[in-house]
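Coordinate inspection notes
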Amino acid sequence: MLDGKTPRISATNTDNGILGYYKDIDDKNYRVCENFISVSFLGTVFYHKCKASLDMKIHCLKLKNKELNRELAFYLTSIIRQALKNTEYKDQISSTILPDIKIKLPIDSRGTPDWNYMERYIEDLKLNAI
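Computed from a predicted model, the values in this text were never measured in an experiment.

Rules behind the numbers
Residues numbered from 1 in each chain as written. Predicted model: local features only at pLDDT ≥ 70, side-chain atom pairs only at ≥ 80, totals over all residues. Heavy atoms only, no water. Helix = DSSP H or I, 4+ residues; strand = E, 2+ residues; numbered from the N terminus. Contact = heavy atoms within 4.5 Å. Areas by Shrake-Rupley, 256 points an atom, 1.4 Å probe, with all protein chains shown as cover. Lys, Arg positive; Asp, Glu negative; His and termini not counted. Charge placed at Lys NZ, Arg CZ, Asp CG, Glu CD. Pairing = 2+ DSSP bridges. Axes fitted to C-alpha atoms, helices over the stretch in contact; angles between N-to-C directions. Buried < 20%, exposed > 50% of the residue type's maximum accessible area, 1.4 Å probe, protein only. Salt bridge = Lys/Arg side-chain N within 4 Å of Asp/Glu carboxyl O.

Examining the overall build of the protein
In terms of helices and strands, the protein carries 2 helices and 7 strands. Dimensions along the principal axes, computed over C-alpha positions, put the protein at roughly 50 × 35 × 30 Å. Relative to all contacts within the protein whose residues are 6 or more apart in sequence, the contacts with residues 24 or more apart total 50%. Counting only carbon and sulfur atoms, one obtains 51% of the accessible surface of the protein, whose full area is about 8,900 Å². Of the charged side chains in the protein, 20 are positive and 17 negative, and the gap between their average positions amounts to 1 Å.

Set out below in structure tokens:
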């Protein structure tokens with residue numbers, strides 16, 4: 001891989017999982033995602049707003065029918081990290097295990113995830129952090 005501008009997400013627990021910055025390559029196995037949550041096979045969880053390429057065993061999580069924003073992503077990464085700590089698969093998170101991990105989210109009166117509550121919760125935390 002040649003030096004470039006696209007961050008490469010790996011299983012590291014530092015620098016938001018960024019291994020380095022590289023040029024994109026034309027290969028069917030080269031995976032690029034944008035505005036997503038990464039989960040490594042070791043259980044590291046990060047939010048990435050910008051385009052990034054993914055190492056092997058790095059999973060890309062996106063919401064169905066909802067665009068991630070910073071507040072939702074911070075809420076969800078925290079919940080996902082906690083869920084991964086409480087799983088028996090602490091040694092390796094695979095693509096077959098990840099869908100079975102349960103997370104609890106607040107719901108609205110219709111029984112759907114309460115995205116507004118999650119956003120407000122993170123906003124309140126930021127306001128009260130000072």
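So much for the structure itself; the text now carries on.
Quick notes on the sheet that holds strand S4 (residues 36-40)
Taken in spatial order, the 3 strands line up as S5-S4-S7 in an open sheet, and their pairing is antiparallel. Either end of the sheet is taken by a strand with one partner, and the two such strands are strand S5 (45-48) and strand S7 (58-61). Ignoring strand direction, the axes of neighbouring strands in this sheet form an average angle of 25 degrees. Sheet analysis places S4 next to S7, joined by 4 bridges and oriented antiparallel. Note on S7: the bridge partner recorded for Val-39 is His-59. Where helix H1 (residues 70-85) meets the sheet, it contacts S4, S5 and S7, and its direction lies at approximately 165 degrees from that of S5.

Quick word on the sheet that holds strand S2 (residues 18-22)
Backbone hydrogen bonds hold the strands of a sheet together, and the pairing may be parallel or antiparallel. One open sheet holds the 4 strands; their spatial order is S2-S1-S6-S3, and the pairing between them is mixed. One side of each edge strand has no neighbouring strand; the edge strands of this open sheet are S2 and strand S3 (31-33). Strand-to-strand, the axes of this sheet are offset by a mean angle of 40 degrees, without reference to chain direction. Sheet topology note: the S3/strand S6 (residues 52-54) ladder contains 3 bridges and is antiparallel. The residue of S6 that forms the bridge with Cys-33 is Ala-52.

Points about the side chain of Asp-114
Within the secondary structure, Asp-114 is located in the loop between H1 and helix H2 (115-128). Buried charge without a salt bridge: Asp-114, with Arg-120 as the nearest opposite-charge side chain at an N-O distance of 5.1 Å.

Fair warning: the whole summary comes from geometry, so function is off the table for now.
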